[in-house]
Amino acid sequence: MNQMTSVEKTVSTEANKITAEGVQVYYGDTHAIKDVNVQIEDKTVTAFIGPSGCGKSTFLRCLNRMNDTIDICRVEGQILLDGENIYDRKVDPVQLRAKVGMVFQKPNPFPKSIYDNVAYGPRIHGLARNKAELDEIVEKALRRGAIWNEVKDRLHAPGTGLSGGQQQRLCIARAVATEPEVLLMDEPCSALDPIATAQVEELIDELRQNYSVVIVTHSMQQAARVSQKTAFFHLGNLVEFGETGQIFTNPTDPRTESYITGRIG
Amino acid sequence: MPVSWLILILAALTLGGYIAGRARARASVQGDVRRLHSLPSYYGYNVALFALVPALAVLALWLLAQPMLIDARVSGMIPDTLIPEGSNQSLVMSDVRRVADGLELAVSSGAMSADEVAALDADATDIRARLGEMGVALGSDVRPEVLEAAQAYRAMSSTGTLWMTGVVLVLALAGLAWSYSRTHSEFRARNVVERGVLTLLILAASIAILTTVGIVLSMLFETINFFSLHDWKDFFLGATWAPNFRGDSELSILPLLWGTLYISLIALIVAVPIGLFAAIYLSEYASKPVRAFAKPLLEILAGIPTIVYGLFALLTVGPLLVDIFGRGEEGLLGLNWMSGATSVLTAGVVMGIMLIPFVSSLSDDIINSVPQSMRDGSLGLGATKSETVRQVVMPAALPGIVGAILLAASRAIGETMIVVMGAGAIAKFSLNPLESMTTITTRIVSQLTGDTDFASPETLVAFALGLTLFVLTLGLNILALYIVRKYREQYE
Ligand SMILES: Nc1ncnc2c1ncn2[C@@H]1O[C@H](COP(=O)(O)OP(=O)(O)OP(=O)(O)O)[C@@H](O)[C@H]1O
Ligand SMILES: [Mg+2]
C-alpha cells in the first residue's frame, strides 16, 4: 500500500466528512471487506468502482450502518463521521441514517402513493410545518429526482406501479427529500435511459454544492464524469484511491489499469 | 381367496408389468434407448398403470357394492313377524351377519367342516353355544329363519367374492397384456403416463370436494325435514330458544347466534392484539435464538386439544373471575355481579387464549413475507424500528392480517368444547358478559345427546343449526381467502 500514502497527503483532514480506518466486514465466515482505509470529503463526489461482488455495496452500507439489519454481518475497525465513530455505543443509528441517506441498488418504493413515498422522510423528521410546506418539499424532491414531469398528474397513484427506471428515480427523490448531509447512491442509474442518467448526474453535481455524495457505478464514463475522487475495489480490498483524473489516466496499480481498460471484471 | 391375497397378486402383476414393459421397450430398439420416444421407465410405468388401476378400481367398487346388494336380497327373506317388539330390521340383519361370520370362522378355523355347517339345523343344534365356544357372542338364540338367512348370506358372499377375484384378475391381466402389446419405440408412453398422473391428482381433488358436497347435502336433507316440521319464521325470527321434548317448542336461532357472536367477539378482543403484538415481536425484534425457541413453542400451544382449554376455563379462569367480580364481601372487588363460573367472559377469554397462537403464527408468516428491502428503505431514511413497523410493514401486511383475523373468527364461531364447558347453557339476549349464555355449537351437542328421536323437530333442529353455522363460517373463510389472495398478487 505504499502507493497510497502519496495520495493521502494531498487530502486535507479538516474537509474530511467520513474517515474509514481499518474496516473489516465479515458475513459469517466470508471476509467481504479487508482492511479498508478511505477518506470521503465534504462537498465532493466519491465514486466506488470495481468488479461485481468485490464489496462496493457492502462497504457503502457500512457508512450508514445498514449492515446492522443483516444478522450474520460483522463490522470491525472504525468509521468516523465528523470525527465521531459511528460504530460507537453512544451513536443512535436512526439519527445517523437521517444524516447519511441511501439510495439502494434495487429500487424499493413503499406500497404507498408516490406522494407518500417522498413525504415519508420529511414526515418522520418533522421537516414541514404544514401541508403546503410538505407539498413544496415533495415537488422539489421529485424535480431533483428528474421525475416530476412524469408523475405530477398522478401523485396519488401507487409508487409500486411505476416502471423500474421511474421507481429508481422515485427512490432518489425520496432520499433527497430528507436533506441528508451525505448521500450514498448504489448504482442509481443502472436502469435509466441516457436522458434520465444525465438528469441524475446533474442532480449529483448540484448536491455537491452542499453535501458529499458517494456513488457506486459500473460505468467508467459516469465515474469519470461526476466524481472528483475514485476508489477501486477488488476482491474486498481497496486497491487504489485518489483523484479521479489520476486514477483514469495514470493508475498506479496494475489491477486498476486492467480493470479500467476492460481486462478484468 | 381373501382380499389381501388378491391385492398382493395385483402388486406382483404391477411390478412384473413395470419390468416387462421396460424390457420390451429396450428390446424394441435393440438397447439403443435414444431411439425410444420416452425414457424406458415410462414404458414400464405405462404397463404397470394399466395392470393396476382398472383392476383396483373395480375391486374397490365391488367391495363397496357387494355387501349392500347381498343385504338387500337377504333382508327380503326375513319375515316381518320375526322382528321382535322394540327392535327393527337392521338389528335382525346384524344378527344374521354375525351368524354368517361365525360360521365362516368355524369353517376356516377347522372347528366344523363345510358339510357340517351346511347341514346345521337350528332346532337340533345349539348354534349360539357352539359359536360362543369360538368367541362369537350372540345376543339371543338363533332361530331357524335367521340361520337360513345366514346360510344364504354366506353362500352369496362366497360366490360374490369368487366372481370378484375372477373379474379383477382377468382385468389386471388384460390391462397388462394390452399395454404390453402396445409397447414399441414409437409409442408415446410419457404422454400416457402424464395423463395417468393427472387423472390420479384430479381424482384425489374431487374426493375431497365430493365429501364436502356430501356433508352439505346430508345436512341439507335433515334441515329440509326440520323445516317441514317446524315453522321457519320461528327459527330465523323468533326470540326464544325453549326446546321441549313433549312437543310445541320454541326453537329460534337468534339467541344462540347472539351468544356465539358475543363470545367470539370477546375471544377476538383478547386474541388479536396479543397475537399480533407477539407476531410483531417475533418477526421484527426477536433475536435469532429467541425466535428459534419461541416460535415452535407457540405452535405447540396451537396443538393443545380444545378440551384441555375447556378444563382450564372450568377450573381456573371461571373461579378466578368469580373471585374478582363475585362473592360479595369475600370477593376481590367486593362486588356481587357474578354467581357461577360459567359466563360469556370465561368462555371468551379462554377461547381468546386458544386463538393467540393461531393469530400470531399466521400474522408472523404474513409479516415475514413483506420484503426486507421495504424495511431497509424505511430504516435508510432514518425511521426507527417501530415507525418502520407501523408505517411500512403493517400497511403492507394489513390485508393478509385481516384475512388471518377472519380465519380466527371462523374458528371461534365453530369452537365447541370451550363453550360447552365455559359458557353455560342458558339461551338469552343479554349484554352482560358475566352471565352465562349458550352458543349454536353447544345446543347442537345437547340436542343430539341422550335419547334422540330423528323424527322430532327438537332433534332435527341440530341440523338446521349446523347448516347455518356452516354457511356462516364458509362465508367468513371465503372472504378471508379472497382478501389474502388479493394481497398476494400485490407482491408477485
Ligand atoms: N447478505 C449477505 N449475506 C452473505 N454474503 C453477502 C451478503 N451480501 C453480500 N455478500 C457477499 O459479500 C460480497 C460482496 O458483495 P457486495 O454486494 O458488496 O458486492 P458489490 O460489489 O456490490 O457487487 P455488485 O456490483 O454486483 O453489486 C459478495 O461475495 C457477496 O456474496
Ligand atoms: Mg452492489
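Residues numbered from 1 in each chain as written. Chains lettered and ligands numbered in written order. Predicted model: local features only at pLDDT ≥ 70, side-chain atom pairs only at ≥ 80, totals over all residues. Heavy atoms only, no water.

The name given to chain B in an unreviewed UniProt entry is Phosphate transport system permease protein, with Arenibacterium halophilum as the source organism. Of the comments in the UniProt record for chain B, the one headed Function (unreviewed entry) reads "Part of the binding-protein-dependent transport system for phosphate; probably responsible for the translocation of the substrate across the membrane." (UniProt positions renumbered as here; feature names shortened; annotations may be inferred.)

The name an unreviewed UniProt entry gives chain A is Phosphate ABC transporter ATP-binding protein, with Arenibacterium halophilum as the organism.

Undergrad: Give me the pattern of salt bridges: which residues, what numbers.
TA: Residue and element names in this part refer to chain A. Tallied over the entire structure, the rule returns 29 salt bridges over all chains. Here Glu 179 and Lys 140 are joined by a salt bridge, their closest N and O atoms 3.7 Å apart. Pair noted here: Glu 179 is in the loop between α7 (164-177) and β7 (182-186) and Lys 140 is in helix α5 (residues 131-144), with a separation of 39 residues, a long-range link. The class of Lys 140 is partly exposed, set by a relative accessible area of 46%. In this structure, Arg 208 and Asp 205 form a salt bridge, with 3.6 Å as the shortest nitrogen-oxygen distance. (Salt bridge = Lys/Arg side-chain N within 4 Å of Asp/Glu carboxyl O. Helix = DSSP H or I, 4+ residues; strand = E, 2+ residues; numbered from the N terminus. Buried < 20%, exposed > 50% of the residue type's maximum accessible area, 1.4 Å probe, protein only.)

Undergrad: Break down the site of ligand 1 for me, with residues and values.
TA: Residues and elements named next belong to chain A. Close to ligand 1 lie 14 residues, the nearest being Ser 52, Gly 53, Ser 57, Thr 58 and His 218. Between Lys 56 and ligand 1, the recorded distance is 2.8 Å, taken from a side-chain N or O atom to an oxygen atom. Separating an oxygen atom of ligand 1 from a side-chain N or O atom of His 218 is a distance of 2.8 Å. Taking 630 Å² as the accessible area of ligand 1 by itself, protein coverage stands at 65%. (Near = heavy atom within 4 Å. Polar contact = N/O pair within 3.5 Å; in protein donor to acceptor, adjacent residues only side chain to side chain. Areas by Shrake-Rupley, 256 points an atom, 1.4 Å probe, with all protein chains shown as cover.)

Undergrad: Can you explain the interface of chain A and chain B? Please cite residues and give values.
TA: Taken together, the contacts link 22 residues of chain A with 20 residues of chain B. Carbon and sulfur atoms make up 62% of the area that chain A and chain B hide from each other, which totals about 1600 Å². Remark: the boundary between chain A and chain B carries 2 salt bridges. Close ionic contact of B:Asp376 with A:Arg61 constitutes a salt bridge, the shortest N to O distance being 3.8 Å. On the surface where chain A and chain B come into contact, there are 4 residue pairs in polar contact (both at pLDDT 80 or more). (Contact = heavy atoms within 4.5 Å. Buried area = accessible area lost by both parts, 1.4 Å probe.)

Undergrad: Describe in detail the packing of helix α13 (residues 372-380) of chain B against helix α14 (residues 385-414) of chain B, supporting the description with residues and values.
TA: Between two packed helices, the angle of one axis relative to the other and the distance separating the axes together describe the packing. Residue and element names in this part refer to chain B. At a minimum axis separation of 10 Å, α13 and α14 run at an interaxial angle of 125°. Between α13 and α14, the angle falls in the class oblique. The element α13 and its partner α14 pack so that their crossing is right-handed. Contact residues: Met 374, Arg 375, Ser 378 and Leu 379 in α13; Lys 385, Thr 388, Val 392 and Val 393 in α14. Among the residues forming the contact of α13 with α14, the class breakdown is 4 nonpolar, 2 polar and 2 charged. (Axes fitted to C-alpha atoms, helices over the stretch in contact; angles between N-to-C directions. Parallel < 35°, antiparallel > 145°, perpendicular 65-115°, else oblique. Left-handed = near helix turned anticlockwise from the far one by under 90°. Nonpolar A, V, L, I, M, F, W, Y, C, P; charged D, E, K, R; others polar.)

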